[in-house]
Every structure is written in structure tokens, then in C-alpha cells.
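Fold and geometry: a report
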Amino acid sequence: MDPVTMEDCFDVSDTEKEDDEEEATAHLRDRFRISTISIAESEAKRNNLEISQSVIVCISDLAFKYAEQLADDLELFAHHANRKIVNMNDVILSAHRNKHLADTLRAFSHDLKAKEPHSEKKRKKSSSSNKEDKGFSSVHHIDP
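Residues numbered from 1 in each chain as written. Predicted model: local features only at pLDDT ≥ 70, side-chain atom pairs only at ≥ 80, totals over all residues. Heavy atoms only, no water.

**Examining the overall build of the chain**
To be explicit about the condition: Numbering goes from the N terminus for both helices and strands, where a helix is a DSSP run of H or I of at least four residues and a strand is a run of E of at least two. Burial here depends on accessible area, computed with a 1.4 Å probe over protein chains only, as a share of the maximum for the residue type. Under 20% is buried, over 50% is exposed, and the range in between is partly exposed. We call two residues contacting when some pair of their heavy atoms lies within 4.5 Å. Note on areas: these come from Shrake-Rupley sampling with a 1.4 Å probe, and a residue is covered only by the protein chains present in the view.
Helix and strand counts for the chain stand at 5 helices and 0 strands. In the chain, the succession of helices and strands from N to C terminus is α-α-α-α-α. Burial statistics for the chain: of 144 residues in total, 10% are counted as buried. For the chain, restricting intrachain contacts to residue pairs at least 6 apart in sequence, the fraction spanning at least 24 positions comes to 25%. Summing over all exposed atoms, the chain offers an accessible surface of approximately 13300 Å²; the carbon and sulfur share of this is 56%.

Here's what the structure looks like:
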């Protein structure tokens, strides 16, 4: 039997992390699939339509793949703007090819901003006022 090294321990923990991530992704995919199937079935019922189970599963898989691609795009947009957090502008930018969706997202964003309480942010002083605070001014008086 070979002796166990520290590298072996780290490999196991990395493998465990990857397994956990794969398990979480599979769980998320299953939950997403259940939700989309439920929505498709309720919409079909509401519109007096019948949809085969294979079509519903296909729609669910396509929707999940679209959501994954959207998440990747949003992450890239935020990274490109030197941010680690995705914001509403990234979401609106992702919809730029669908004018109706982009307009709807903009309206939603404006509604959210209107509902937010206005916080008084501290304004940065301009460089000229900073100089005045430090005893400098743009006008110098010279005594004769």
C-alpha cells in the first residue's frame, strides 16, 4: 500500500468540491425542469391545448440551457465593467436583441428605482473645494 501524501488529501478535497458543485447543478437543473414543466402544463391547460411530454421536456432543457448562457453572459458583462456583481444594466444589456424585452426590463428597472427610498449619499468634494479645505485657494492675496 502506498503512503498517503498531502497532495493526495488536497486532490480528494478538490474532487469532493467538484462533486458537490455537480450535485448542486444537477439539483438546480431538476428544480428548474420541474418548474418549467409545471408552467408549460398550466399554460396548455389554460389555453385548452395538449402538449406531448417529450415536447415539454425539450422546452425545459432548452430553457435551462438558455438560463445557463444568460448567466455566463451576465458574468462576462460585469467582469468587463470591472465588477464582481451583476447589476440591472447587465440584465438590460443581455436583452439588447429583443427590443420589447429590453424596454420591459428598462421600465421594470425604473419602477424599482422609483420605489427605493432615496438615501442621501455623501458627495465627494471637488478637487478645488478640497484645496480650499486644506488652506489653498484659487485667489491669493499678497500683502504689500
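**Section: the packing of aromatic side chains**
As a reminder, the rule being used: Ring pairs are drawn from Phe, Tyr and Trp, using the six-membered ring of Trp, whenever the two centres fall within 6.5 Å, and their geometry is named by plane angle: stacked under 30 degrees, edge-to-face over 60, tilted for the rest.
Following the criterion strictly, the structure yields 1 aromatic pair and no others. Summarising the aromatic geometry, the rings of Phe32 and Phe64 are spaced 5.4 Å apart at their centres and angled 70° between planes, so their arrangement reads as edge-to-face. Linking Phe32 in helix 1 (residues 6–46) with Phe64 in helix 2 (residues 53–80), this pair joins segments that are 32 residues apart in sequence.

**Regarding a nonpolar patch on the surface**
Cut-off, in case you're wondering: Patch construction takes residues with relative accessible area above 30% that form no salt bridge. Like charges are linked within 9 Å, and nonpolar side chains (Val, Leu, Ile, Met, Phe, Trp, Tyr) are linked within 5 Å. A pair is scored as a salt bridge if a Lys or Arg side-chain nitrogen falls within 4 Å of a carboxyl oxygen belonging to Asp or Glu.
The grouping of Leu49, Ile51, Val55 and Ile59 at the surface amounts to a nonpolar patch, some 320 Å² of accessible area in total. With respect to the helices and strands, the residue Leu49 is situated in the loop between helix 1 and helix 2. Look at Leu49 and you get exposed, because its relative accessible area is 51%.

**A look at the pattern of salt bridges**
Applying the stated criterion across every chain, the model contains 5 salt bridges. Between Lys99 and Asp103 there is a salt bridge, with the nearest N and O atoms lying 3.0 Å from each other. With Lys99 and Asp103 both in helix 4 (residues 99–115) and 4 residues apart, the pair spans about one turn of that helix. Classification of Asp103 by relative accessible area gives partly exposed; the value is 36%.

**Brief notes about the side chain of Thr36**
On the secondary structure map, Thr36 appears in helix 1. When its relative accessible area of 16% is taken as the criterion, Thr36 is described as buried. Setting aside chain neighbours within four positions, we find Thr36 in contact with Ser60 and Ala63.

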